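Commentary on secondary and tertiary structure
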Amino acid sequence: MTEICKSCKNEFNSGIWVAPQFRDEKVLLFCSDKCKNKYLKAKLNRIKIEYPRYYKNLLTKLNKKGEF
């Protein structure tokens, strides 16, 4: 069964699944780490522009965990 990548819209058979953040959101499917990182970077940029205080808070939390 083929799936469609959330980022590049290509079809693939196996890839990366990311759990939904909200109840009404579906599982996010990506064909590679490159596509997943591209999507997450775009999402962070949107948060940075629309919610600057939350973005600063998010960065400090990620830096403490060593994930960013």
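Before reading further, recall that the structure is shown in the block above.
One structure accompanies this document, and this report is about it. (Residues numbered from 1 in each chain as written. Predicted model: local features only at pLDDT ≥ 70, side-chain atom pairs only at ≥ 80, totals over all residues. Heavy atoms only, no water.)

**Some details on the overall build of the chain**
Spelled out, the test is: Numbering of helices and strands runs from the N terminus, with a helix taken as a DSSP run of H or I at least four residues long and a strand as a DSSP run of E at least two residues long. Atoms considered for the radius of gyration are the C-alpha atoms alone. The globule rule reads 2.2 Å times the number of residues to the power 0.38. Each residue is placed in one exposure class: buried if its accessible area under a 1.4 Å probe, protein chains only, is under 20% of its type's maximum, exposed if it is over 50%, and partly exposed if it falls in between. The Shrake-Rupley method, run with a 1.4 Å probe sphere, supplies the accessible areas, and residue values consider only the shown protein chains as cover. We treat Lys and Arg as the positive residues and Asp and Glu as the negative residues; His and chain ends play no part in the count. Charge coordinates come from a single atom per side chain, which is NZ of Lys, CZ of Arg, CG of Asp or CD of Glu.
For the chain, the count of helices and strands is two helices and four strands. For the chain, the N- to C-terminal ordering of α and β elements is β-β-β-β-α-α. Its C-alpha atoms give the chain a radius of gyration of 14 Å, more than 25% over the compact-globule value 11 Å for 68 residues. Principal-axis analysis of the C-alpha atoms places the extent of the chain at approximately 40 × 25 × 20 Å. Buried residues in the chain amount to 18% of all 68 residues. When the accessible surface of the chain is split by element, carbon and sulfur atoms take 54% of a total near 5900 Å². Charged side chains in the chain number 16 positive and 7 negative. The centres of these two groups are separated by 9 Å.

**Thoughts on the pattern of salt bridges**
For clarity, the cut-off: Criterion for a salt bridge: a side-chain nitrogen of Lys or Arg within 4 Å of a carboxyl oxygen of Asp or Glu.
One pass over the full model with this rule turns up one salt bridge. A salt bridge links Arg46 to Glu50; the nearest nitrogen and oxygen atoms lie 3.4 Å apart. Here Arg46 pairs with Glu50, and both are found in helix H1 (residues 33–50), just four residues apart, close to one helical turn. By relative accessible area, Arg46 is classed as partly exposed at 38%. Glu50 gets classed as partly exposed once you look at its relative accessible area, which sits at 47%.

**Some remarks on the packing of aromatic side chains**
Each aromatic ring pair is specified by the distance between its two centres and by the angle formed by the two planes. Going by this rule: Stacked, tilted and edge-to-face are the three classes assigned to paired rings of Phe, Tyr and Trp, where Trp is represented by its six-membered ring and a pair needs centres within 6.5 Å; plane angles under 30 degrees give stacked, over 60 edge-to-face, the rest tilted.
In the structure shown here, the tally under the stated rule is one aromatic pair. Between Phe30 and Tyr39, the ring centres sit 5.4 Å apart and the planes meet at 50°, which makes this aromatic pair tilted. By relative accessible area, which is 1% here, Phe30 ends up buried.

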